[in-house]
Structures are given as C-alpha cells and as structure tokens.
Amino acid sequence: MLYHLLPRFTDVHIGFNLFTYITFRTAGAVVTALLLTFLLGPAMIRWLTRLRFGQVVRETGPESHRKKAGTPTMGGTLIITAATVSTLLWAELTNVTILVVLATFLWTGAIGFLDDYLKVVKKTSAGLAGRYKMIGQWVLGLALGLFLLLYPVWPVPATWTGVPFFAEVVAVFFPPVYVLFVATVVSGTSNAVNLTDGLDGLAAGLCGIAAATFGIFAYLIGRVDTSAYLGVLYLPGVGELTVFAGALAGAAIGFLWFNAHPAQVIMGDTGSLSLGGAIGVMAILLKSEFLLVIVGGVFVAEALSVIAQVGYFKFTARRYGEGRRIFLMAPIHHHFEKLGWPESKVVTRFWIVGVLCAMVALSTLKIR
C-alpha cells in the first residue's frame, strides 16, 4: 500500500523515494510484523484462554508434554494476521508473486484453522481427517501448478527450475509432471512443518530462519546484476518476495516471544500448515525447489523420520508378526526427548542445525 501511495510525494520530499526500495520496505515489513505480534499477542492469548481453546495432548506423546494440555492454541492466527497486514502495508500489491504467495498462505492457514477448530471447539480429537487436509493442499497445489503453466510469471519457461551448485544449469519438467511437482512441494512442505511443530518454539524458530534465507535469495535472484554475477536464473519481479519473506520472518520471530519454552500459546495447525505452505510456494516462485531440501533440512529430516518409522513398523509387522521401530519415537525431535534431552536443548540444537542448513544453502551461490 505504501509503495503505491507515498513515492508520488517525492516532489515534496526526496525521502518518500525510500518507499520504492525493496530493502527499505523489507526492513519496514520485519519491524511491522514484529510490533504487531508484540502488541496483539497478549490480547489474543487472553481471548483464546477465555474461550478455552486449549491444546489437546495425545496420550501416546511424551509424558513431559501432559502439562501442556490446555495451553492456548490456534496462535497461528497471530502469525497470519501480522504477516498478512505487514505485507499488504509494505509490498507492491500489483506484483503477481505477492498475490500468489498470500493466497497460498491464507489457503493453507484456513485448512489448519479448520483442523484446530474441530479439535478445540468441536472436541473432535482427530481434528480434520488427514485425507481432507491432503485434498485441500493438493487442490491448491494443482491449481497453482496449472496457473503457473498457463500464465507464467517469469521470462523463462515455467517448467524450468534451478539446480543448486551448478551455474546456469536447469532441470526441465514435462508439463503434467511439473504440475504434480508443484503440488508435491506445496503439500510436502506444509506437512513437514506441521510434523516439526511438536516442541515449544521449534517450528517458529526454524520457519523464521527459512523465511529469512529465502528472502536473501529472492533479493539476489530478482536483480539482473547479482543474478548474472552469481550464475542463477534472473527472475524479474520476484525480488518483491523479499518483502513477504521479511514479514513472515518477523511474524514467526515475534510469535516466538510467546511460544518459547514454556509456551504461553501454541501455533497449532493454523500456524504450521500456513508457514509451510508459504515457504514452499516461495521456493516454487524462486525456482529453487531443490534448494528447499537444503534450507529446510530439519523439516526434511522430521518428515523422513515419520515415513521411515511408519514404513519400518508396517514392514516388520508383516514380516515378523510384530511391529518394530527405528526411533524411540517419531518425529525425530521426540526421539531425542526420549533419550533424556531437555526440550529446550532439543529446540536450541535443532535451531543450530537450521542455521547451518541456511549457511550451506547460501554457499551454493558461490560453490558452482
């Protein structure tokens, strides 16, 4: 909004020209999202507490988590509100990539909200059935893939995507495969973040790191000079995603103020599914889907630990008549809890791994 309103007053004062710069608006988006979470957080926590929207803790989970029962949940609405308002305030609203990422953010957030609503309001312990979550995510992913195929937002073919560690090398998809690929990235990332959201502050901190990392990539890929120097695809217009990435990182870190151990509020599926969906679609719009595996290394490990645990349990149950486990408990953050690590130590160490993953991802800009 400010981008469209204030630069026209440069004749009055040259300072208004600052609102044309992505870097300035990104800084504004970060600060705005942080302030909104700080200001709205206490009131939202009181409201959720008054409505008795408390967390439902599974009996099969770690015993140390039993005390979290009743902690206000659906706090992801705070993240969505702060990031969306900040983006609307600071981003170029005629930019297609901004509209696409906001639509994905809100759609996946709505799926998570419905799941949380069924759990905490309707007292349906399972919440929204997994198949309906997947349907909602895949409908979005397939629609997005078709949209990008029919109305590409880049000067390069939609079916191209970058390959980390290789300069000016792209992977090319057959069009129908590309649509399925986009849907898989959106759904996979959204669910991977959802699986990671099991400890106080874990998902919020990792999402803040991932969003900031993709913000850097968006800025570099969206500039003709830096993209040429680094040997990456130049995608005009995607630099505006830097503003959204800043807003998302600011909202996630601001939420961490209330979500750090011991959590005053839990993001719920409202937050985890929307954060994952937003990060996934940023990777798609930046043609950095393969890079997402590096940036979100912890998310990948969390998802793979569940897949491996479930698959091995079913295989051994058929083979030996008794299911066996690879980990003490999945997702893998619970495995370390079962080993005796305090929750805060697991979270901090996973954050450190998340930062290392971000550094490796950034190094791909030079290691080519």
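One can find the structure itself at the top, above this paragraph.
Parameters and conventions
- Residues numbered from 1 in each chain as written.
- Predicted model: local features only at pLDDT ≥ 70, side-chain atom pairs only at ≥ 80, totals over all residues.
- Heavy atoms only, no water.
- Helix = DSSP H or I, 4+ residues; strand = E, 2+ residues; numbered from the N terminus.
- Expected span 1.5 Å × (residues − 1).
- Buried < 20%, exposed > 50% of the residue type's maximum accessible area, 1.4 Å probe, protein only.
- Patch = residues over 30% accessible without salt bridge, like charges linked within 9 Å, V, L, I, M, F, W, Y side chains within 5 Å.
- Areas by Shrake-Rupley, 256 points an atom, 1.4 Å probe, with all protein chains shown as cover.
- Salt bridge = Lys/Arg side-chain N within 4 Å of Asp/Glu carboxyl O.
- Axes fitted to C-alpha atoms, helices over the stretch in contact; angles between N-to-C directions.
- Parallel < 35°, antiparallel > 145°, perpendicular 65-115°, else oblique.
- Contact = heavy atoms within 4.5 Å.
- 1 Å grid on protein atoms, 1.4 Å probe; cavity = no way out; pocket = protein on both sides within 12 Å on 5 of 7 lines; lining within 4 Å.
- Points joined across faces, edges and corners; volume = space filled by probe spheres on them.
- Nonpolar A, V, L, I, M, F, W, Y, C, P; charged D, E, K, R; others polar.

A. Just helix 7 (residues 202–221), in detail. Helix length check: helix 7, at 20 residues, gives a terminal C-alpha distance of 29 Å against a target of 28 Å (1.5 Å per residue), a fit within 8%. Of all 20 residues in helix 7, 16 are buried, a share of seventy percent or more.

B. Spotlight on a nonpolar patch on the surface. On the surface, Val-31, Leu-35, Phe-38, Leu-39, Leu-40 and Trp-257 cluster together into a nonpolar patch covering about 640 Å² of accessible area. Structurally, Phe-38 can be placed in helix 2 (residues 22–50).

C. Summary view of the packing of helix 7 against helix 12 (residues 297–320). Running from amino to carboxyl end, helix 7 crosses helix 12 at an angle of 135 degrees, the nearest separation of the two axes being 10 Å. Taken as axis vectors, helix 7 and helix 12 run oblique relative to one another. For the pair helix 7 and helix 12, the contacting residues are Leu-202, Leu-206, Cys-207 and Ala-210 in the first and Val-298, Phe-299 and Glu-302 in the second.

D. Here's a closer look at empty space enclosed by the protein. As enumerated under the stated definition, the model contains two cavities of 30 Å³ or more in all. Of the voids in this model, the largest cavity is the one considered here, and its volume is about 200 Å³. Looking at the largest cavity, it is lined by 19 residues, and the ones nearest its centre are Gly-162, Val-163, Val-232, Lys-287 and Arg-368. When grouped by side-chain class, the residues that make up the lining of the largest cavity number twelve nonpolar, four polar and three charged. Considered as a void within the structure, the second largest cavity measures approximately 40 Å³ in volume.

E. Broad picture of the environment of Val-139. Topologically, Val-139 is positioned in helix 5 (residues 130–150). Of the residues examined, Val-139 reaches a relative accessible area of 43% and is grouped as partly exposed. The spatial distance from the C-alpha of Val-139 to the C-alpha of Ser-187 is 9.7 Å, given a sequence separation of 48 residues.

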